[in-house]
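What follows is each chain in one-letter form.
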Amino acid sequence: MLRSDVRIGRIAGVPVYLNWTVVVLVWLLGSMFITRVLPDADPGLAPGARLVLGLAGAAAFVGSILAHEVGHAVMAKRGGVPVDSIRVWLFGGLAQLAGEARRPGIALRIAVAGPAVSLAVGFAAVGLEVLLDTWGVAPGLAAVASWLGRINLLLAALNLLPALPLDGGRVLEAALWWRWGDRDRAVRTAAGAGRVLGYGLVAVGAFVLLRGGGFGGLWLGLIGFFLASSARLEAEGHRARSALAGTTVGEVMSPVVPTVPSYLTVEEFLRDHVAHQPHATWTVRSWGGELEGVVSAARLAGLPTERRALVHLREVAVPIDQVPWARPDELVLDVLGRAADAAVLVVDVEQQQLRGMLSPADVHRAILQRAGAPRAPRSWSPVG
Ligand SMILES: [Zn+2]
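## Observations concerning the overall build of the protein
Assigned secondary structure in the protein consists of 13 helices and 11 strands. For the C-alpha atoms alone, the extent of the protein along its principal axes is close to 80 × 60 × 45 Å. Expressed as a percentage of its 384 residues, the buried residues of the protein come to 39%. Surface exposure of the protein reaches about 21400 Å², of which carbon and sulfur atoms provide 63%.

## Some remarks on the sheet that holds strand β4 (residues 92–97)
Read across the sheet, 4 strands follow the order β1-β2-β3-β4 without closing on themselves; strand pairing throughout is mixed. In this open sheet, the two edge strands, each paired with only one partner strand, are β1 (5–11) and β4. Each adjacent strand pair in this sheet contributes to an overall mean axis angle of 20 degrees, direction not counted. When strand β2 (residues 14–19) meets strand β3 (residues 83–89), the two strands line up parallel, connected through 3 bridges. Paired with V16 across the strands is I86, a residue of β3. The strands that helix α1 (residues 21–41) touches are β2 and β3; relative to β3, the one it contacts most, it runs at about 40 degrees. Its contacts with the sheet place helix α2 (residues 47–78) against β1, β2, β3 and β4, and it is angled at close to 165 degrees to β3.

## Considerations on helix α5 (residues 167–180)
In an α-helix, one turn spans 3.6 residues; hence positions three or four apart end up facing the same way. Taking 1.5 Å per residue as the helical rise, α5 with its 14 residues ought to reach 20 Å, and the 20 Å between its terminal C-alpha atoms agrees with that figure. If you check which residues of α5 are buried, you get D167, G168, G169, E173, A174, L176 and W177. Buried positions along α5 lie against α2, α3 (104–135), α4 (139–159) and α6 (183–210). Following α5 by one or two positions, G181 adopts a phi angle in the positive range, close to 70 degrees.

## Some thoughts on the coordination of the zinc ion
Within the protein, H68 (NE2), H72 (NE2), D167 (OD) and D167 (OD) serve as the donor atoms for the zinc ion, at 2.0 to 2.7 Å. Bound by 4 donor atoms, the zinc ion shows angles of 54 to 147 degrees at the metal and therefore irregular coordination geometry. We note that the donor set of the zinc ion lies within a single chain, spaced as H-x3-H-x94-D. Note that H68 is positioned in helix α2 and D167 in helix α5, a separation of 99 residues in sequence. Comparing H68 with D167, the two get one shared label, buried.

## Points about the packing of aromatic side chains
Going through the model one piece at a time under the given rule, you end up with 4 aromatic pairs. Taken together, a centroid distance of 4.9 Å and an interplanar angle of 20 degrees make the contact between Y263 and W287 stacked. One end of the pair, Y263, is in the loop between β5 (259–261) and α9 (266–274); the other, W287, is in the loop between β6 (281–285) and β7 (291–296), and 24 residues separate them in sequence. Relative to W282, the ring of F269 lies with its centre 5.4 Å away and its plane at 85 degrees, an arrangement referred to as edge-to-face. Here the residue F269 occupies a position in helix α9, and W282 occupies one in strand β6, the gap between them amounting to 13 residues. No difference in accessibility class separates F269 from W282, as the two residues are buried. Every member of this aromatic cluster is reached through a ring pair, and the members are F33, F61 and W147.

## Notes on a positive patch on the surface
Together, R78, R102, R103 and R109 line one region of the surface with positive charge. Assignment of secondary structure puts R78 in helix α2.

Scoring rules and cut-offs
- Residues numbered from 1 in each chain as written.
- Predicted model: local features only at pLDDT ≥ 70, side-chain atom pairs only at ≥ 80, totals over all residues.
- Heavy atoms only, no water.
- Helix = DSSP H or I, 4+ residues; strand = E, 2+ residues; numbered from the N terminus.
- Buried < 20%, exposed > 50% of the residue type's maximum accessible area, 1.4 Å probe, protein only.
- Areas by Shrake-Rupley, 256 points an atom, 1.4 Å probe, with all protein chains shown as cover.
- Pairing = 2+ DSSP bridges.
- Axes fitted to C-alpha atoms, helices over the stretch in contact; angles between N-to-C directions.
- Contact = heavy atoms within 4.5 Å.
- Expected span 1.5 Å × (residues − 1).
- Donors = N, O, S within 2.8 Å, 3.2 Å for Na, K, Ca; no water.
- Tetrahedral: all angles 85-135°; square planar, octahedral: opposite > 155°, others 65-115°.
- Phe/Tyr/Trp six-rings, centres within 6.5 Å; stacked < 30°, edge-to-face > 60°.
- Patch = residues over 30% accessible without salt bridge, like charges linked within 9 Å, V, L, I, M, F, W, Y side chains within 5 Å.
- Salt bridge = Lys/Arg side-chain N within 4 Å of Asp/Glu carboxyl O.
- Lys, Arg positive; Asp, Glu negative; His and termini not counted.
- Charge placed at Lys NZ, Arg CZ, Asp CG, Glu CD.

The following block contains the structure:
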């Protein structure tokens, strides 16, 4: 979770975060409503009412993105897939699932739920516009409703393009999975469609740019590039997850846990230990040998150089009661969701013993061993 995300509460049991860029979104949309849409639709509207209506319209748009993600999240929970969080930022929303659907039918319902909500919101808003027009009242509100309705219908339609990482790509993936009974092949195909769509948009963008289309071409190209690279990440993420399926923590953890005394200063630690041993994460122990916490070299990088001689490891280590831990017989995939990008201590609960540590590097190595290195670019030479 990014630090610039603000938690606004829970919806359907899922924590909801707004990124600070949502302020930019509300400001951009709000000023569009206040300076262009509302003066056109209702020139007599008082400035105060224009301000309130414009900001409410912008907030309603953020709400409609949120509703789309809540649709995915509710369907996921119903299908037995835990949901970590819902985030909204400048370019949209994301319902972060902490697992994968076990059956194609569940995957299909999760994928369709978001666009279905957008369609419902879109039709409701267009319906409101039609009603207000018929009654001849509140033309400003009707204009805002019209914009909200159309944008939600457009977003639903674009989102249903059959290419990962769009929702339509997930629909395609679920359908192919159901048809072929082979999820890996379904993901590869849907991700391939994502790359085709992405690079297609890049090509169209370049064409528009060459024809003097300027900003619009650049924008299309950027979106295309973003789509193509997300599709690639999606396929790789799936490959990694299927490589780790059934693997336990004990099989891939490092049995050796490097330890340093907690009274060292950060400077001593970096100079005498990190410089000589390539460990990313260290446990920190007291004089008496008691485990006090965990410190990572990456975490210390943010500390100003002049403070390094003054601060002790005890003060910067993550306290032991906040460090994620796991049992050796747990599945790696279950533990990853809990630990995000930090190392996990592996503990034998019965014997009350530290057995090892599972770091992102261990997980990465395990994926490479099981799935092989990422495929090299295809060679076009006749002997390749
Ligand atoms: Zn969606």
